[in-house]
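Secondary and tertiary structure notes
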Amino acid sequence: RQLEPGLLEFESGIIQVEMFSGASILIHGPAKIKLIDPMNATLHFGKVRSRVPKHAQGFTIMTEEMNVVDLGTEFTLNVTKGSEPNLYVHEGEVLLNDKNSDTTLKSVKSSEGYSWQNNAFKDYTANKSEITFEKMAELDAIQQQTKFSKWKDYAETIKKREDVILFYTFQNENNLSRKVNNNSIVQDEGLNGSIVGAQWAQGRWPGKSALKYTSTGDRIRVHIPGVFESMTFSTWIKVRSFDRWLSSLILTDNHDEKELHWQLSDMGEIIL
């Protein structure tokens with residue numbers, strides 16, 4: 001999601017923020033950081049790992065005592081309540097500037113680290129187990145696969161339920177297929193949907209497929225026989241925009257009284 005300038009505060013976890021300048025920062029909670037503009041942020045407390053490309057040279061993280069000015073590099077900055085701030089440069093060069101005069105107090109280069117208090121510096125050695133951007137990507141991939149596995153287990157329980165008439169997993173191994181198979185225990189060829197217009201795409205997680213709808217004609221044609229005293233509908237969709245008055249989830253061919261329509265309005269309303 002796109003962040004507006006302002007305060008970002010959280011108790012735990014890790015957030016990756018990509019600035020419009022091209023600088024990327026990993027923020028470890030607990031943290032409190034103010035995003036000012038694409039080239040500036042203020043770290044009140046927390047740990048930040050920053051990767052700054054050449055075109056974002058000058059990216060600055062301000063602290064209570066001094067400003068950390070990046071010259072195109074990767075560094076870790078840790079500001080903890082009750083202890084001295086510390087900086088470690090993994091690659092490149094960082095300037096520690098006086099907060100009020102912008103005078104450079106210290107130049108810190110690759111594999112160097114310092115902590116400071118009242119403009120007095122002492123050597124600091126980084127913890128090699130700190131999370132990196134690469135580890136962050138690995139953790140994200142593991143989390144995605146974990147969620148996919150949980151979904152598979154959940155889908156298996158849905159398939160076995162006797163009260164489920166129609167169940168589309170949209171898990172298709174053949175991208176050329178123009179059919180969506182019903183995965184409920186009800187055996188009826190008419191419950192297999194025919195794809196019109198919509199195209200197969202990646203779903204919520206890598207390895208999970210989905211259908212992508214882009215035009216008003218995109219749909220799945222399906223026949224659901226029977227008479228029901230009550231019906232429950234559930235779906236997971238990703239909405240790119242609300243650019244039409246109504247977007248359909250389920251519709252009948254006609255608009256006669258008591259025929260079922262399930263739709264989204266251009267205001268984001270769910271209409272049944």
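Predicted model, so just to flag it, every value in this text is computed and none were measured.

**Focus: the packing of aromatic side chains**
Each aromatic ring pair is specified by the distance between its two centres and by the angle formed by the two planes. Summed over all chains, the structure comprises seven aromatic pairs. With a centroid separation of 6.4 Å and 85° between ring planes, the pair formed by Tyr-114 and Phe-121 is classed as edge-to-face. Among the residues examined, Tyr-114 registers a relative accessible area of 14% and is labelled buried. With 5.9 Å between their ring centres and 75° between their planes, Tyr-168 and Phe-170 make a pair best called edge-to-face. The class of Tyr-168 is buried, set by a relative accessible area of 17%. Grouping aromatic residues by their ring pairs yields a cluster made of Tyr-114, Trp-116 and Phe-121. The side chain of Lys-81 reaches across the aromatic face of Phe-45, ending 4.2 Å from its centre. The ring of Trp-151 has Lys-208 sitting right over it, with the charged end atom 4.8 Å from the ring centre.

**Examining the confidence of the model for the protein chain**
Residues shown with low pLDDT carry predicted positions that ought not to be read at fine detail. Residues at a pLDDT of 70 or more form 98% of the protein chain, whose mean pLDDT is 89. No element of the protein chain has a lower mean pLDDT than helix α1 (residues 133–159), at 86, and none a higher one than strand β5 (residues 60–62), at 96.

**Concerning the sheet that holds strand β14 (residues 193–196)**
Taken together, the three strands give an open sheet; going across it, the order is β13-β14-β17, and neighbouring strands pair in antiparallel fashion. Two strands lie at the open edges of the sheet, namely β13 (179–180) and β17 (219–221), each paired on one side alone. Across two bridges, the pairing between β13 and β14 is antiparallel. Its bridge partner lying in β14, Lys-179 is registered against Ser-194.

**Things to note about the nonpolar core**
Nonpolar side chains in soluble globular proteins generally cluster together in the buried interior. Membership of the largest hydrophobic core comes to 29 residues, with the highest contact counts inside it found for Ile-25, Ile-27, Ile-33, Phe-75, Leu-77 and Leu-87. Of all the elements in the fold, those that place two or more residues in this core are β1 (6–10), β3 (24–37), β4 (40–51), β6 (66–70), β7 (74–79), β8 (86–91), β9 (93–98) and β11 (112–117). At five residues, β3 tops the list of elements feeding residues into this core. Among residues more than four places away in sequence, those in contact with Ile-27 are Leu-8, Phe-10, Gly-13, Ile-14, Ile-15, Val-17, Ile-33, Lys-47 and Val-48.

**Some details on the sheet that holds strand β18 (residues 246–250)**
Reading across the sheet, the three strands line up as β18-β19-β20 and stay open at both edges, with antiparallel pairing between neighbours. With partners counted over all chains shown, the strands left at the sheet margins are β18 and β20 (270–271), one partner each. As judged from the two bridges shared by strand β19 (residues 262–265) and β20, these two strands associate in the antiparallel manner. Bridging across to β20, Leu-264 finds its partner in Ile-270.

**A short note on the pairing of β11**
If a strand is regular, its side chains alternate between the two faces of the sheet. Relative to β11, β8 runs antiparallel, the two sharing four bridges. Bridge pairing in β11 links Asn-86 to Ser-115. In the sheet, β11 pairs with strand β12 (residues 120–123) via four bridges, with the strands oriented antiparallel. Opposite Tyr-114, over in β12, you have Asp-123 as the bridge partner. With antiparallel pairing between neighbouring strands as the criterion, β11 and β12 make up a hairpin whose turn holds two residues, including Asn-118 at a positive phi of roughly 55°.

**Things to note about the layout of surface pockets**
There is about 470 Å³ of room inside the second largest pocket. Lining the second largest pocket are 16 residues; nearest its centre among them are Gln-2, Leu-3, Val-17, Glu-18 and Leu-35. Looking at the lining of the second largest pocket element by element, the count peaks at four residues for strand β2 (residues 14–18). Partitioning the lining of the second largest pocket into residue classes produces 10 nonpolar, two polar and four charged.

Reading the values: the criteria
Residues numbered from 1 in each chain as written. Predicted model: local features only at pLDDT ≥ 70, side-chain atom pairs only at ≥ 80, totals over all residues. Heavy atoms only, no water. Phe/Tyr/Trp six-rings, centres within 6.5 Å; stacked < 30°, edge-to-face > 60°. Buried < 20%, exposed > 50% of the residue type's maximum accessible area, 1.4 Å probe, protein only. Lys NZ or Arg CZ within 6 Å of the ring centre and 35° of its normal. pLDDT = per-residue confidence, 0-100. Helix = DSSP H or I, 4+ residues; strand = E, 2+ residues; numbered from the N terminus. Pairing = 2+ DSSP bridges. Core = buried A, V, L, I, M, F, W, Y, C linked by side-chain atoms within 4.5 Å. Contact = heavy atoms within 4.5 Å. 1 Å grid on protein atoms, 1.4 Å probe; cavity = no way out; pocket = protein on both sides within 12 Å on 5 of 7 lines; lining within 4 Å. Points joined across faces, edges and corners; volume = space filled by probe spheres on them. Nonpolar A, V, L, I, M, F, W, Y, C, P; charged D, E, K, R; others polar.

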